[in-house]
Amino acid sequence: MTIIAPPARPRPRAVCADDRDFHRLARSSGRHRWWRPVLVLTVAAALFVLGTLLSVVPLVVIGLAAPGQEDVIDRALASSEMSDPMAATFMLLAIAVMLPAALLAVRLAGARPMGTLSSVAGRLRVALLGRCLGLALLLVILAMLAFVTVDGTWPDATLTARTLPLLAVAVLVVPVQAAAEEYVFRGLLMQTVGAWLRHPAFAIVLPVPLFTLGHEYDGLGLVDVTSFALVAGWLTWRTGGLEAAIGLHVANNAAIVAFGAFGLVDLDATEGTLAGLACTLAVTVGYAWLVRGWADEARRRATSRRRP
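Please read all numbers here as calculations on a predicted model, not as lab measurements.

Calculation rules
- Residues take numbers from 1 onward in each chain, read along the sequence in its written order.
- This being a predicted model, a pLDDT of at least 70 is required before a residue's local features are given, and a value of 80 or more before pairs of side-chain atoms are given or counted; all residues contribute to the totals for chains, interfaces and linings.
- Just so you know, side-chain values use all the structure's heavy atoms and leave hydrogens and water out.
- Put simply, DSSP marks the helices as runs of H or I at least four residues long and the strands as runs of E at least two long, and each gets a number from the N terminus on.
- When a residue's accessible area, from a 1.4 Å probe over protein chains only, is under 20% of the maximum for its type it is buried; when over 50% it is exposed; and in between it is partly exposed.
- We call two residues in contact whenever any of their non-hydrogen atoms come within 4.5 Å of each other.
- For accessible areas, the Shrake-Rupley method is used with a probe of radius 1.4 Å. Any residue's cover is judged against the shown protein chains and nothing else.
- Stacked, tilted and edge-to-face are the three classes applied to pairs of Phe, Tyr and Trp rings, where Trp contributes its six-membered ring and a pair requires centres within 6.5 Å; stacked means planes under 30 degrees apart, edge-to-face means over 60, and tilted covers the rest.
- Placement of a positive charge over a ring is assigned whenever Lys NZ or Arg CZ falls within 6 Å of the ring centre and within 35 degrees of the normal to the ring plane.
- Whenever a carboxyl oxygen of Asp or Glu lies within 4 Å of a side-chain nitrogen of Lys or Arg, that contact is scored as a salt bridge.
- Here the expected span of a helix is defined as 1.5 Å times the quantity of residues minus one.
- Side-chain atoms alone can form a polar contact between residues adjacent in sequence; in general such a contact is a pair of N or O atoms within 3.5 Å, and within protein one must be able to donate a hydrogen while the other accepts it.
- Here an axis means a line fitted to C-alpha atoms, over the contact stretch when the element is a helix, while the angle between two N-to-C directions is reported on a 0 to 180 degree scale.
- Left-handed describes a crossing whose near helix is turned anticlockwise from the far helix through less than a right angle; right-handed describes the clockwise counterpart.
- Here the term charged refers only to Asp, Glu, Lys and Arg, the term nonpolar to Ala, Val, Leu, Ile, Met, Phe, Trp, Tyr, Cys and Pro, and the term polar to all other amino acids, Gly among them.
- In this charge count, Lys and Arg are treated as positive and Asp and Glu as negative; neither His nor the chain ends contribute.

Along its length, the chain carries eleven helices and zero strands. Helices and strands appear in the chain in the N-to-C order α-α-α-α-α-α-α-α-α-α-α. A buried classification covers 42% of the 308 residues belonging to the chain. Of the contacts made within the chain by residues no fewer than 6 positions apart, 76% connect residues no fewer than 24 positions apart. For the chain, the computed accessible surface area is about 16500 Å², with 69% contributed by carbon and sulfur atoms.

So this is what it looks like as C-alpha cells:
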C-alpha cells in the first residue's frame, strides 16, 4: 500500500536583517505582500472617518436631551479657535481618533501585532518615552520662557475663565492628539514607504509634505513644522521607535497650550516670527542631539550584553 504524504505547509518568508529597522517593520511578518500597506492605509482611513462620525454622536444626544444648548454645539463643531477650550477639545479629539484607527488597521489588515507600529521592540517603550518627554519638557519650557521674555509678553499674562479649562486640555487632551499624529505620520506612513523602499531617507522625507500641509501657517510657521517633521522622522528611525518623536511633540504642543492659557502666546496665531523659529529650531536640534546620544549608548550596552 502506498502512503501519500500530506502536502507540506508553505514556510513563512524569511525576514531579512534590515526588515528589523523601524521603517521596514511592515515586512517583518511572513504574511507581507506588496499590496498589504495599501490595504492598511485604506482600512485606517475608513476607521478614522467612522470614528469621526461617532464622535459627533454625544453632541447630537446633548442637543436632543437638553434643548437650548445649540450655542455649545456650535462652539464645538463650527469654531476653529484653539483659545476656546470647548472647540479645542473637540478639534484635538477629532485628530486623536487617528490613533486607534492606525493601530487597528495594522492588526486587522496588516497581519502583524499592533506593537510593531510603536517600536522595533514590538511595544511602546514606556521608560524611554518618559525620559524623552522629561527632556523635551525641560527644553521647550526654557525656550518658551526665553521667547516670551524677548517678545515682551509677560505684561499680558492674566488669569481668565478659560485658564483652567485650557490647562486641562494641555494635560489631558494634547498628549493623545500629539501621539496620534506621530503614530500616523512617523509610524504608519513611514512604515508604508519602508515596505517598498529600503533606504530610510525615503521613509523619513516622503511623509513630510502631508504633515506640513496639515498645518495652516505662513512661510515661517511651515518651515518650523517641516523641520520638526524631518527631525522626528530621523529620530524615529535612529531610535527604532516613536517614543522620542512623541515626547517632543507632546511637550511642544502642551507647552504652547499651557502658555496660551495665561495669555502669553496667541493660540490662534497663524504667522510665525524669526525669534520663535530660532527658539524651536534650537530646541529641536538640541533634543535630537541628546536623544541620539542615548540611543547610541543603549545600542552599545545591548551589543556588549550579546558578546560571549
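Take the packing of aromatic side chains next. Evaluation of the coordinates by the stated rule reveals two aromatic pairs. Every member of this aromatic cluster is reached through a ring pair, and the members are Phe 185, Phe 211 and Phe 228. The ring of Trp 294 has Arg 131 sitting right over it, with the charged end atom 3.9 Å from the ring centre. A cation sits over an aromatic face here: Arg 186 above Phe 211, 4.3 Å from the ring centre.

Attention shifts here to the pattern of salt bridges. In the structure shown here, the tally under the stated rule is two salt bridges. In this structure, Arg 186 and Glu 182 form a salt bridge, with 2.7 Å as the shortest nitrogen-oxygen distance. Of this pair, Arg 186 and Glu 182 both sit in helix H6 (residues 163-196), separated by four residues, roughly a single helical turn. The same class applies to Arg 186 and to Glu 182, which are both buried.

For the rest of this paragraph, the subject is unusual backbone geometry. The phi torsion of most residues other than glycine is negative, and most of the peptide bonds are trans. Not every positive phi belongs to a glycine, and Ala 111 is a case in point at roughly 55°. Locating Ala 111 in the fold gives a position in the loop between helix H4 (98-108) and helix H5 (126-151).

With twelve residues, helix H3 (residues 85-96) ought to run about 16 Å at 1.5 Å a step, and its terminal C-alpha atoms sit 16 Å apart, in line with that. Taking the backbone nitrogen of Met 86 as reference, a side-chain oxygen 3.1 Å away marks Asp 84 as the first, capping residue of H3.

The interhelical angle for the contact between H4 and H6, taken along N-to-C directions, is 40°, at an axis separation of 8 Å. As for how H4 packs across H6, the hand of that crossing is left-handed. Contacts between H4 and H6 involve Met 98, Leu 99, Ala 102, Leu 103 and Val 106 from the first element and Val 176, Ala 180, Glu 181, Tyr 183, Val 184 and Leu 188 from the second. Partitioned by chemical class, the residues of the contact of H4 with H6 number ten nonpolar, no polar and one charged.

Take helix H10 (residues 243-261) next. Helical geometry note: an α-helix holds 3.6 residues per turn, so side chains three or four residues apart project in the same direction. Here H10 contains 19 residues, and its C-alpha end-to-end distance of 27 Å stays within 8% of the 27 Å for a straight helix at 1.5 Å per residue. When you tally the buried positions in H10, you get 16 out of 19 residues, the bulk of the element. Just downstream of H10 lies Gly 263, where phi reads positive at about 75°.

Counting through the fold element by element, Glu 181 comes out in helix H6. Here Glu 181 is buried and forms no salt bridge, its nearest opposite-charge partner Arg 186 lying at an N-O distance of 5.6 Å. Within the structure, the side chain of Glu 181 is placed 2.8 Å from the side chain of Gln 177, a separation counted as a polar contact.

Below, the discussion takes up the side chain of Arg 112. You can see Arg 112 is positioned in the loop between H4 and H5. A polar atom in the side chain of Arg 112 sits 2.8 Å from the side chain of Gln 191. Excluding residues that lie within four positions of it along the chain, Arg 112 makes contacts with Leu 25, Ala 26, Ser 29, Val 106, Arg 107, Leu 117 and Gln 191.

This paragraph deals with the environment of Arg 123. For Arg 123, the location among the structural elements is in the loop between H4 and H5. A C-alpha to C-alpha distance of 9.1 Å links Arg 123 and Pro 113, two positions ten residues apart in sequence. Excluding its chain neighbours within four sequence positions, the residues that come into contact with Arg 123 are Gly 115, Ser 118 and Glu 243.

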